[in-house]
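Each chain is listed here by its residues.
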Amino acid sequence: GRPQRQAMATKDPTFPIEKDSKEQKRKHTDLLCNFLFVGVVGGMVALAVVGFFTGDPRRLTHGRDYNGRLCGLDADVAHLPFVYYCASTSATQQKGKFPKRLAYNSRSCVAACPNGTSTPVPCLMQPFVNATALPEGSTVHNVTFVSTFNVEVTQSVAIQASYPTEEYLGAYCVPMPSSENNLYREVMNGPLKEVAQFNSAIGSFRSAWPVILGSALLATALGITYLYVLKFYAGILLYLTLWAGTIITLFAGLYFLYGIFPDPFDELGWYQQSSPIFIIFYGVNARLMSALVGLVVIATGVCMLFQTLYENIDESIGIIAATVDCVMGQGSGISFVVQPVIQALSLVVLIGAMFYGLMTVASVTRVDNQLMAMNGQYVKDESYAHPLEAREVRDWYWSLALHFYMVGFVWVIVTFVSACQWVISYAVCDWFFVKNEIVDNPNLGALSEPLKQAIANRGKRVSGVRVKGVDKVSGSRAGYIEKGPHGKVLVVPIGEKGPGGRDFVQHSEKWAVKKLPCNALIDGVASCLWYHLGTLAVAGVVNAVTSPLRGLSEMIKAFTVTGNAGEQDADVIFPEDEGGGTPANLAVSGLSLLSTFLDEMVGRFSKNLFVDVVLRSTDFWEASADAYDFITYAGGAVALLHGGMSSFETIGVVLITAVPTLTASVVLQKVSVFSNQEGPWYVSDPSMMVLLSGVLSFLIASAFMSLFHMTADSLLYVFAWSRKTFPGQMKDYCPTPMVHLMGKEIEDEPGLAIEPPKRTRMTRFSNAASRYKTTVMATMTAARPPMA
């Protein structure tokens, strides 16, 4: 655990602390989940090792013929890389060039996909069974047979004329789409619907990994760039990011919604090959899913538009200034900036290693050529006679192992992300509890002439100044009184300006420097792995599962929030406060009630619980309840600003993810190294690899953007927690931007802070339900016709 600071005459702030303000040693939390998670990881490693020695990932990118040989790999068919489906011998020819049906068990390896009917193809014929009864009483070698049933099975390989086909995934020949038949759809919905696409997608990683790695590095570079631009040009960057992210999201929604128009069975169209929905799904399912995703994304874009219109950047800049001071301040060095870089690189390595392990596990199959049976007894393969037909099978226990590995894959990723967020909270708390060292403001630029004269003339310093139209949630300012040509003048520095000319960062001659302990991040990692791995394992899963509901709550709030860019606050609409009782107000009030209900049920399961685990060494359920209620009842600027970075985080992730994903798409489809079917680096399924690049870029972008979000929320939480736990000492530890931001709330809790009741779980929902009931009654009263 973290070394405890020694208590002095005035107790120095430290952590972890119990609710009764007693120090405690860091303890192990959620041990059962810890052991379960470690067991799952150990099982995944064991499966990957066994798969490495018994499997072959090349089996995933090459189909097998009727005899179980890998086309293009096994010695007999090394020069025949494509799988061709032969015609069924029991079907008569249709009019035209195509057979009536295909025999999916009769597959042959061919050198190239036939585009006509002139190519001879050796095909496995349907077995011919001849059953006869021998005469009774026959004697052979002194053995008299009472009755004999003789079964003769004949199976042959014969030459068939080909039908027109086209290449698919670089390994299969599928019938050309034709209005004469449904063979193309039958193949795509039949043998190639799941197995071939899944195997090809996994196997394509062997060739596409340089592009995937490059997109991950590009996302990392963009994340670093975003952080430094945010440091120097926060206002302009946030303003442009809000609009750019909103526009991109709306266009993305329209793009997915367009999927209802193309032919869902034509996989050769430009839209079908570029849409991730049509890559994963096929046919009518793809069209329906594309429409659903499009509507959801458009709704998200509309919510982002509302937030962009009503977003008060001034309030966000105040907490961003405090966050920048922590992350990239004079005393922090590069520790915080290095964290997301290390996280991104570690994530790339982790996903790459686990994905290769998935390939090895998925490739553990065997060839079964014992397909003929008599009275339940399979005919064995003899040295003098080999069955012509064989199939690739995966034993049931390896199918179970594959599903186990895939579930573990997701669990490891979400736990890794949760652990990185916990480490950020740990380092922020460690930084906050370093005593301030007051120095000259290193960020102070050239002073204006009036301010220089006021300071030089030693004008009277005035505190408690508020500037109308500039000050929002920030605290009071200090100014200087000087003598001007027409009398005394109050000179008040208002800091940097941004969109709309509003003040972003207050002027300060002195600055508090806090030096981050060099081992803060290392201590955080060690404490995470040794004490709280189980808590983070369950938190990662619950957070991921409940995130759609929390997102829905935020979307509802975006629709039910009113405000003007020039006003300080934005409030949820309660129609009875507006004096209305219309059906529209009733609907809005109902949505507000639903949002409150969702917040009460799943709002506590967000990543904000990590800071409570850091400060009090609590388990998952206790931390989730305490963190949510503590912020709600803190009141003031803490409750107002906490979580305010979420919209900027979301939009930043969208922008950073989009660039590497589009780059990977262009490279895989336009660069001949990866698109040439004859080359060694050919990628048979580029669309799925683009999707994988997008997922990886999303995770990396989230690492960088969550650094600011986690730091901001952790600063607000630890500030409120320290104000309550260590009263009277905040000025010695509170960083300068937080002093500007909190004003009089540094030592005293805000007068409007809510006193937490004994039973808090459904208190806010009950209050919202009561107000909704009032709205319903008002609406019914308004709708009632007047008495005659």
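Structure: above.
Residues numbered from 1 in each chain as written. Predicted model: local features only at pLDDT ≥ 70, side-chain atom pairs only at ≥ 80, totals over all residues. Heavy atoms only, no water.

## Looking at helix 10 (residues 396-432)
Under the 1.5 Å per step criterion, the end-to-end length of helix 10 is 54 Å for 37 residues, consistent within 8% with the ideal 54 Å. Of all 37 residues making up helix 10, 27 are buried, and the element is well covered by its neighbours. (Helix = DSSP H or I, 4+ residues; strand = E, 2+ residues; numbered from the N terminus. Expected span 1.5 Å × (residues − 1). Buried < 20%, exposed > 50% of the residue type's maximum accessible area, 1.4 Å probe, protein only.)

## Here's the deal with the sheet that holds strand 1 (residues 82-87)
Taken together, 4 strands build an open sheet; the order of strands is 2-1-10-9 and the sheet is mixed. If you trace the sheet from one side to the other, it starts and ends with strand 2 (102-110) and strand 9 (165-168), each paired once. Direction aside, neighbouring strands of the sheet carry axes that sit 40° apart on average. (Pairing = 2+ DSSP bridges. Axes fitted to C-alpha atoms, helices over the stretch in contact; angles between N-to-C directions.)

## A closer look at the nonpolar core
Membership of the largest hydrophobic core comes to 125 residues, with the highest contact counts inside it found for Tyr-405, Trp-422, Met-738 and Met-742. The element that contributes the greatest number of residues to this core is helix 10, accounting for 21 residues. Met-738 has contacts with Ile-319, Ala-322, Leu-715, Leu-716 and Phe-719, leaving out every residue within four places of it along the chain. Cys-86, Phe-98, Val-110 and Cys-173 belong to the second-largest nonpolar core, a separate cluster that totals 27 residues. (Core = buried A, V, L, I, M, F, W, Y, C linked by side-chain atoms within 4.5 Å. Contact = heavy atoms within 4.5 Å.)

## Topic: the packing of aromatic side chains
A complete count under the given rule lists 18 aromatic pairs for this structure. Both rings, one in Tyr-258 and one in Phe-261, keep their centres 5.8 Å apart while their planes meet at 45°; by these two values the pair is tilted. Put simply, the rings of Tyr-255, Phe-256, Tyr-258, Phe-261 and Tyr-271 pair up and form one aromatic cluster. Over the ring of Tyr-66 we find Arg-69, and its NZ or CZ is 5.9 Å from the ring centre. It is Lys-514 that lies over the ring of Trp-431; its NZ or CZ is 5.6 Å from the centre. (Phe/Tyr/Trp six-rings, centres within 6.5 Å; stacked < 30°, edge-to-face > 60°. Lys NZ or Arg CZ within 6 Å of the ring centre and 35° of its normal.)

## Points about the state of the cysteines
In this structure the tally under the stated criterion is 3 disulfides. Here Cys-71 pairs with Cys-109 through a disulfide, and the sulfurs are 1.9 Å apart. The sign of the -75° torsion about the S-S bond sets the Cys-71-Cys-109 disulfide as left-handed. In this pair, Cys-71 sits in the loop between helix 1 (31-54) and strand 1 while Cys-109 sits in strand 2, placing the two residues 38 residues apart along the sequence. (Disulfide = S-S within 2.5 Å.)

## With respect to the pattern of salt bridges
Any two side chains of opposite charge can pair if their charged atoms end up close together. Within this structure, the stated rule accounts for 8 salt bridges. The closest approach of N and O atoms between Arg-69 and Asp-65, which form a salt bridge, is 2.8 Å. According to the relative accessible area criterion, Arg-69 is partly exposed, its value standing at 21%. Residue Arg-69 is joined to Asp-76 by a salt bridge in which the shortest nitrogen-to-oxygen separation is 3.8 Å. Connected via shared salt-bridge partners are Asp-612, Arg-616, Glu-622 and Asp-626. (Salt bridge = Lys/Arg side-chain N within 4 Å of Asp/Glu carboxyl O.)

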